[in-house]
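Examination of the molecular architecture
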2 protein chains.
Amino acid sequence: MLDSLFRPRAVAVIGASTKELSIGNRVIKNLIDFGFTGAIYPINPNAEEIRGLKAYKSIFDCPDGIDVVHMVIPAKFVPQAVEDCGKKGVKHIIINSGGFAETGPEGAAIQNDFLERARRYGIRVFGPNCQGVINTDPAIRAYCNFTFTRPEPGFISIVALSGGVAEVIHQAFAQMGVGTRIYASNGNAVDVTIPEILEYLGGDEGTRVIVTYVEGLRDPANFLRVATQVAARKPILAMKAGRTKEGARAAASHTGGLAKEDIATDLIFDKAGILSFRDEGHLIQAAVAFASQPIPRGNRIGIITNTGGPAVIATDVLVAAGCTLPPLSAPTHERLKAALYPEASVGNPVDVLATGTAQHYRACLDAMMEDEAFDGVFVNFVTPFFVDNEAIAREIVAVNRAHQKPIVCNLMTDPRQWAEVVRILREGEVPCFPLPGEAARAMAALVRYRALRDRAPRTIRSFPNLKGEKAGRILEKARKAGRSRLTAEEAYRLLEAYRIPVARWKAVGTPEEAAEAAAAIGFPVALKADASELLHKTDRGGVALDLGSASAVKRAAQEMKKAFDYPDLRFLVQKFLPGGLELILGARAEEGLGHAVVFGLGGVLVEVLKDVVFALTPVSTAEAREMLDAIQAKALLDGVRGRPGVDREALVEMIEKLSRLLVEHPEIQEMDVNPVLAFPERAVAVDVRIAIR
Amino acid sequence: MLDSLFRPRAVAVIGASTKELSIGNRVIKNLIDFGFTGAIYPINPNAEEIRGLKAYKSIFDCPDGIDVVHMVIPAKFVPQAVEDCGKKGVKHIIINSGGFAETGPEGAAIQNDFLERARRYGIRVFGPNCQGVINTDPAIRAYCNFTFTRPEPGFISIVALSGGVAEVIHQAFAQMGVGTRIYASNGNAVDVTIPEILEYLGGDEGTRVIVTYVEGLRDPANFLRVATQVAARKPILAMKAGRTKEGARAAASHTGGLAKEDIATDLIFDKAGILSFRDEGHLIQAAVAFASQPIPRGNRIGIITNTGGPAVIATDVLVAAGCTLPPLSAPTHERLKAALYPEASVGNPVDVLATGTAQHYRACLDAMMEDEAFDGVFVNFVTPFFVDNEAIAREIVAVNRAHQKPIVCNLMTDPRQWAEVVRILREGEVPCFPLPGEAARAMAALVRYRALRDRAPRTIRSFPNLKGEKAGRILEKARKAGRSRLTAEEAYRLLEAYRIPVARWKAVGTPEEAAEAAAAIGFPVALKADASELLHKTDRGGVALDLGSASAVKRAAQEMKKAFDYPDLRFLVQKFLPGGLELILGARAEEGLGHAVVFGLGGVLVEVLKDVVFALTPVSTAEAREMLDAIQAKALLDGVRGRPGVDREALVEMIEKLSRLLVEHPEIQEMDVNPVLAFPERAVAVDVRIAIR
C-alpha cells in the first residue's frame, strides 16, 4: 500500500517556489541533488521553471502517473488542492505545511475537510505538518523531504512523528559515515500511521534494522500488534521520551497532548520484542552495529586491544550489560603466545601492545573467530604513528567480511590524520566508535537482542473450569447498582470464579454470626469490616488480625459495628495465616490496551522500595515467570538465610489467572490483591480491592 | 616543584632518532610542529642533525639549563643516562621507554637503579613507560609527548597513568574543537605521582577544570589529602574503571596489579569533593561545559528550543538528574508572548519554532538571564535552511560572553553545511553537543557540582568522655592472647567505651547466673552463647530470643551448654527489644586509608536488597546524615504508613562515634553492629562482631 509513497515514479510539488530559502524550493533541490530517478513536476502558476525544471500551472497540466504530491501551501488552500489531486489520480500527498489540528479548532476543521476528500478519492495523506520521506534505494533516490542533512544509502530505517529527533538520529549517522535506508517523519500523522510505516519497513528488503522514537502512542493496541509481527522479522530499536512528568508535559505541548508519563509504552516495547533504549546516543550506536553485524549466538565476548585503559572500560561496560569474557582456551592461548610479541598480554582481553602489527591483530581475530568459546569480538584500536594502521584496518575488514561473528571496534584516532584508516573501516562495514564505552554498549545491544530473540515463547495458558460468566454477573450487578467498587465479598467471589486461591473466608451480617463463622473456619482468624463505601479500612480500625477465640471475634465485630455506620455493613471472617511472604498483585486498565499487571514485594516495602514490575495483559506463563525474576527482592522468593522459598509456580499461575480475568472483563478499572501471602507450598490472596468502570 | 617540568626552557632528547616512525624522532617533531618556545637538543652520537636541528653527541655537549630530558633508549642504558643527566644538572627526565618493573624482576632492578641515581642528583623522573606531558600555554607550547593528536590551547587539564584513556579524552576534545591546557600521563609513575600533578594543576592559573581517570590509587590517603585541597579550588572530574571483577582483572594485567574491584576510590572521590563519572563520554562532555561556563547558583534550568522532540529528551535528562524546570514568571511570559511568533509555545521549554529568528532566541536568552527563577539556560538549536542560523549563533555567543549564568547548547546540524555556525559557537566558547541528552547531562554536571560545593562542611564532631584508652586495653588484651576476634563481652565493652548505646546486657558464666541476670535486667530477654571461637551462633542455636521468665532463661542456657563445648563459653543476657527498625552499621579497614563505614537496612533485607551506603573515616556529622538519606529505604527512617520514624540523630551520633573508635583504633579489621535497633526516641546496638589485625 505504501510502496508508491516510498518508491514513487513521479513527484509533484504544489507550492513549488522560486525562492531558495522556501520549503517549496528545497524539496525540489533535494530531489534533484540526490538524483531522484523519477519525474519531478514543480507546480506554480507564475513560474516558467524552477531549479531548471519546467513548472506547471496546475496539477492538471502535469503528466499522469503522479505517485506523490508535496503540498507546501497555506492550510486553507489544502482541501481544494487535495480535491484536485483526487481528480488527477494522485496516490499520496505529503503535506509539509502546518496550520492544522496542531493550531486549534479552526485548523482541525480544515484537517477534517481535506482528510474527508482524500478518503473519498482513496488518496493516502502523509503528515500534515511533517518533514516527509526519504528512500535512498539506488533505484529510487527519493528525497521527498526538506531536511538539510544529505542522506547516504544504508541499511537503517528511521521512523518517528518527531522530525526533530528523527533528524538528530539521521545527523548522527551522517557524522559517523553510516547510511540510512528509509526515513519517515509524519508529523500530525492524520492518515498514514507509524504502525503502517513499520509494516512497510518490515517488508522492505533494504532495511536491516528499524529505529524509532516515540513520545506516546496513538493506537497502542495496533502498534503492539504490528510491531510484534515486524519485530519477529527484523530488529526494531526504540526510545520513548517524555518519561518524567516535566518531559511528558513538554511533549504534550508540542504534540497537542499525545504524550503522557506512562509505563505502557515500555511494556508494549517489551511485549512486542522491541529493543528499547533510554538514551538516544545508545540507540544510535546500537543501530550502527545492527546495520552491518550478525546477531551473536550468545553473550561471550573476546576483546583484542593495543592499549590498556580503554579495554578496561570496555570490559566494565560489557560485563555490567550481562556479557561474559571467557578465558582463552589452552590451544588459543598457545596459538597467540606464538603469534604475538613476548611481552603481549595473552588473555581476554588480549593486549597486542601499541606496537602490535596487522599480523598480530589478524592472529587474534582469527583465533577468536575460530574458538567456539566466543560469540563476538570487540576490538580496541588506537592508531599510533609507528605501526601500519591501514594494514591493521584492512585485516579487521577482511575478517569482518566473513560475517561469522559480530565485530565492534573502538577506533581511537584523529580522523584528520588517519582518514584512510577511517575510510577502510567504514567501507568495510566495521562499526567504529571513538569511545570504548560507546563501542561496548553497541556490542552489548547485539547481545541483548539475542536474549530477546531467544526468550521463552509468549504462550497464553488456558485453565479449566474458570467461571467467566459468574464473574460477569458479579460485575454486572455492581455496575447496575451504580457502584464503582466491589464489596470485599464480591471481590473474593470474583477471584474464586477464576480459581485464584483466597484465604478461607465467610461473609456474615452480625457479630454473633462472625463468631460462629470463625469457629467454623478455625482460629486464629482475621475480622474485616466490609461495606461498598468503606475505604482504607485498615487505617480506620476496620481490620482485626490474629483473633484467637470466638469471644474475641464477637467483641471486635461489635466495636466495628459501633465505629462504622454504613447501611450495607457486613463482616468478613478470614483464616489468619502468619509467616507468609507478603507480596502484591494488581492491575490497572490502560487506555486502548487492556491492563498493566503489577507484581512485587508487599507490605510497607511496596511504598518505600517500590520493588514492583509490570506486564501487559494477556500475560503468558513466560512473562509471569519473568516478572518473578525481575523484582529486586527475587532472592526472597527463592529462599534466603534459612528462610524457605515460596511456591513460585503458584504465583505464576495466580498472575496468569488474574490476567485472564482482566482480559475477559475489561470493565475492571483497577484491582489490588494486597497482600498475596506466599508460602513454600502455596500462595493465597488475603485482601483484594476492585474498582470498575 | 614541577614548574620546570611543565614549563621547560630547554628540552633534550636522549635517543633522538633520524627514523621518522620512531618515538625519538616524533617527540622532536611534536615539539617543533607545536612551536615549543624553548630550546630543543636532539642527542644522537651518529647524527649531525635531526629534523633540521643540530644534534649533539651527548648530553654533556648540550648547552646548560636543560629542564627536561626525554629518554627513548633501551631500559638497560637508562641508569647511566640518568647519572649523566645528574652530572649535567638536568631537572626532570621523562622516560618514554618501557622495559622496567612492568616487565618483571629484571626490569624492576633497573628501575630501582635509575631511581636511586635520580634521587641522588635531585632529578625528578616522569614515567617510565609513559607518554609524557603537554602544556599548551602560548608562552610555552611544550609538546613533550609522542602522541599523535595535536592539542589546541584550552582550559581543561588531563592527568592519568593510563595513556590510552588520557589520549581518548584528548581526542574527544580535539574532535569537538575544544582545547586542552596541560596533559600528563605518567605510566609507571615511579617518582612524580598523580597527587603531585594534581597539586600543580591546582596552582596553574590556565587550568579551569581537571579531568582524571584512575583504575586504582597507589597511595590513597595522599591522593585524598591532595585532591581535597585542589578540589576546594577548582573542579576535578574523575572516572574510575575496573569496577567489575573482570574489569579490575583487565586493569591489573596492564598495570601490574594496581587496580582492584573496590568501593574505596568512589568514597575517596566523594570525600575529596571530586565530581565522579561512570561513563567516559559523560566525563568528557561535562569537562567541556566546565571549561567555559560559570557554575550555576542552583538547579533551575530554562530551556529554549526550535524543535520539539529534542527538548523533550533534554527535559527528561535534566529532571532525572535533579534539575527543575520552573515555569516562566508572569512578566517573562508576557515579554516572550510579545517577542515571539504567535504560534510559539511560550513556557519552559519555550519553543520559538523552527522558523524562529535570531531576535527570538535573543529575547528568550535575555529573558531567562534576567529572570531570577533560572540558574542556567539550555538551548536546543537545530539549523533549518530557511533561517539565519549564523545570526542565531551570534546572539547565543553574545549572551554567553556575559557569563551571567551557564549556557549549554544542543547544536543539531550538519557541520559541513553549517561550518560557520559551528565556528561562531566554538569561538564564542558555547559548549555544544550534537545530542540533546549529551548536552543535558553536561548542564546537569554543572548543577551537580554546585550541590557538591554547597554541601554541608565536613566537620568532625568531638564527643566528651570517650574512653579511648580503655578500648585500647581491650583490643590489646585480645591481640596479646593471639585472638583475631573479640568476644561479645569485649565487643560490647568496646562500644560502651565510645558511648555507643548497647541494649542492656550482662555476661555470666552459668545458667543459674544467667537467670539471675535476666531478672535484674527485666524480661523479656535474649540469651546468647559467647566464646571467642563461636561463629555463626544464630545459625547454630546459640541465640534464644524473647525469653519471658527466669526458668526459660536457665533452660535455654543449659541447652546451649550442652550444645557448645568451648572452654571459654559464657552467656550473654540482654534486654530483648521488640518492634525496632532493624539496621546495620559496620566497617572494614581499607588498605592505606582508614576504614569504610557501612550503614543500611538490616535483617534478611541486607543480603537481598543490599540497601547499604558507605563512607570513609573520619565520618563527619554531615556525612553521617547523608548516609541516612542515601539508603533506598530512607522513608522507613522517616516513618511511613502509620509506622513512626526513628531517632535519626541517635543514628548519626552512633555512626560518628563508631568512626572515632575506628580512627583511634586502626587495628580493628572489620566490625558489624547487626542489628542496630532504631526506635522513635533512641537507637541501640544489639549484636556486634569485631575482628582485629
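Positions within a chain are numbered from 1, following the residues in the order the chain's sequence is written. Think of it this way: whatever chain is written first is A, whatever ligand is written first is 1, and the rest follow in order. Whole-chain, interface and lining totals are the exception, using all residues; otherwise, since this is a predicted model, local features are given only for residues with pLDDT of at least 70 and side-chain atom pairs are given and counted only at 80 or more.

**A closer look at the overall build of chain A**
- Helix numbering and strand numbering both begin at the N terminus, where a helix is a DSSP run of H or I of at least 4 residues and a strand a DSSP run of E of at least 2. Of the regular secondary structure elements, chain A holds 24 helices and 29 strands.
- Along the three orthogonal principal directions, the C-alpha set of chain A runs to about 95 × 80 × 40 Å.
- Counting every position in chain A, which comprises 693 residues, the buried fraction comes to 55%.
- Contact between two residues is assigned whenever their backbone-derived C-beta positions fall within 7 Å. The contacts in chain A between residues at least 6 apart in sequence include a share of 72% that link residues at least 24 apart. Put simply, a residue is buried when 20 or more other C-beta atoms lie within 10 Å of its own C-beta and exposed when 12 or fewer do; between those, it is partly exposed, and each C-beta is set from the backbone.

**Here's the deal with the sheet that holds strand β1 (residues 10–14) of chain B**
All names here are of chain B.
- Strand pairing follows a simple DSSP-based rule, namely that at least 2 bridges must link the two strands. The strand order β2-β1-β5-β6-β7 describes an open sheet built from five strands, whose pairing is parallel. Single-partner strands in this sheet number two, and they are β2 (39–43) and β7 (124–126). The sheet shows a mean angle of 20 degrees between the axes of neighbouring strands, taken without regard to direction. Working convention: axes come from line fits to C-alpha atoms, limited for helices to the stretch in contact. Angles between N-to-C directions cover 0 to 180 degrees.

**A short note on the relation of the copies chain A and chain B**
- For the pair chain A and chain B, the superposition axis carries a translation of 0.1 Å, the fit reaches an RMSD of 0.1 Å, and the rotation angle comes to 180 degrees. Taken together, the turn and the small shift mark the pair as related by a two-fold rotation axis. Taking C-alpha positions as reference, the residue of chain A nearest the rotation axis is L609 of chain A, located at 4.8 Å.
- Interface overlap between copies: 100% of the residues of chain A at the interface are likewise at the interface in chain B, consistent with a symmetric, same-surface contact. In this comparison the copies share one frame, found by least squares on the C-alpha atoms of residues holding pLDDT of at least 70 in both.

**Some thoughts on the interface of chain A and chain B**
- With 72 residues of chain A at the contact, the number on the chain B side is 73 residues.
- Elements represented by at least two residues in the side of chain A that touches chain B include exactly α5 (163–176), α8 (245–255), α10 (280–292), α11 (308–320), α16 (436–454), α21 (604–609) and α23 (634–638) of chain A.
- Taken together, the residues of the side of chain A that touches chain B sort by class into 33 nonpolar, 23 polar and 16 charged. Gly counts as polar in this scheme, as do all residues outside two lists: the nonpolar Ala, Val, Leu, Ile, Met, Phe, Trp, Tyr, Cys and Pro, and the charged Asp, Glu, Lys and Arg.

**Let's talk about the domain arrangement of chain A**
- If you check the domain split of chain A, you get domain 1 (1–146), domain 2 (162–167 + 176–292), domain 3 (294–454), domain 4 (504–575) and domain 5 (581–692).
- How far each domain reaches was decided by an automatic or database domain assignment. The straight-line distance from the C-alpha centre of domain 4 of chain A to that of domain 5 of chain A is 26 Å.

**With respect to the confidence of the model for chain A**
- When the pLDDT values of chain A are averaged, the result is 94; 99% of them are 70 or greater.
- The ipTM for the predicted assembly is 0.95, set against a pTM of 0.95. For every residue, the pLDDT score states the predictor's confidence, bounded by 0 at the bottom and 100 at the top.

**Side note on the environment of F599 of chain B**
Residue and element names in this part refer to chain B.
- Examined against the element boundaries, F599 turns out to sit in strand β25 (residues 595–601).
- Judged by the 28 C-beta atoms lying within 10 Å of it, F599 is buried.
- For the pair F599 and A615, spaced 16 residues apart in sequence, the C-alpha to C-alpha distance is 8.6 Å.
- If sequence neighbours within four positions are ignored, F599 has contacts with L585, V612, V613, M627 and I655.

**Notes on the packing of α10 of chain A against α16 of chain A**
Residue and element names in this part refer to chain A.
- Running from N to C, α10 and α16 point in directions that differ by 65 degrees, and their axes come no closer than 8 Å. Once α10 is placed against α16, the crossing between them reads as right-handed. Along the contact surface, α10 presents H282, Q285, A286, V288, A289 and F290, while α16 presents E438, R441, A442, M443, A445 and L446.
- Considered class by class, the residues forming the contact of α10 with α16 number eight nonpolar, two polar and two charged. If you view the pair so one helix is near and one far, a crossing is left-handed when the near helix is turned anticlockwise from the far one by less than a right angle, and right-handed when it is turned clockwise.

**Thoughts on the sheet that holds strand β15 (residues 301–305) of chain B**
Residue and element names in this part refer to chain B.
- If you trace the five strands from one edge of the open sheet to the other, you get β16-β15-β17-β18-β19, paired in parallel fashion. Strands with a single pairing partner mark the edges of an open sheet, and in this sheet they are β16 (350–351) and β19 (432–433).
- As paired elements, strand β17 (residues 376–382) and strand β18 (residues 407–412) share six bridges and run parallel to each other. Bridge assignment links V377 to a residue of β18, and that residue is I407.

**Here we look at the nonpolar core**
- Joined through C-beta atoms within 7 Å, a set of buried Ala, Val, Leu, Ile, Met, Phe, Trp, Tyr and Cys residues constitutes a nonpolar core. I93 and M443 of chain A together with I93 and M443 of chain B are the most contacted members of the largest nonpolar core, which totals 499 residues.
- Not counting chain neighbours up to four residues away, the residues in contact with M443 of chain A comprise A289, I301, L318, G376, F378, P406 and V408 of chain A.

**Concerning the packing of helix α13 (residues 358–370) of chain B against helix α14 (residues 389–401) of chain B**
All names here are of chain B.
- Contact pair α13 / α14: the axes reach a minimum separation of 8 Å and the direction vectors enclose 20 degrees. Taken together, the axes of α13 and α14 are roughly parallel relative to one another. Our pair here, α13 against α14, has a crossing hand that is right-handed. From α13, A358, Y361, R362, L365, D366 and M369 reach across to α14, where they touch A391, I392, R394, E395, I396 and V399.
- Tallied by class, the residues present in the contact of α13 with α14 amount to eight nonpolar, no polar and four charged. Roughly parallel means an angle under 35 degrees; roughly antiparallel, over 145; roughly perpendicular, 65 to 115; everything else is oblique.

**Considering the pairing of β18 of chain B**
Residues and elements named next belong to chain B.
- Among the six residues in β18, six count as buried, and that is most of the element.
- The crossover handedness rule: strands pointing away from the viewer, path from first strand over the helix to second strand clockwise, crossover right-handed. Once the chain exits β17 it traverses α14 before rejoining the sheet at β18, and the crossover so formed is right-handed.
- Taken together, the two bridges between β18 and β19 define a ladder with parallel strand orientation. Residue pairing for β19: C409 is matched across the bridge by C432.
- Between the parallel pair β18 and β19, the chain is carried across by helix α15 (residues 419–427), and the sense of this crossover is right-handed.

**Things to note about helix α24 (residues 648–664) of chain B**
Residue and element names in this part refer to chain B.
- One fewer than the residue count of a helix, multiplied by 1.5 Å, yields its expected span. For α24, spanning 17 residues, the distance from its first C-alpha to its last is 25 Å, which sits close to the expected 24 Å at 1.5 Å a residue.
- Listed in full, the buried residues belonging to α24 are L651, V652, M654, I655, E656, K657, L658, S659, R660, L661 and L662.
- Check the buried side of α24 and you find it contacts α17 (468–480), β24 (581–589), β25, α22 (621–630), β27 (668–679) and β28 (682–685).

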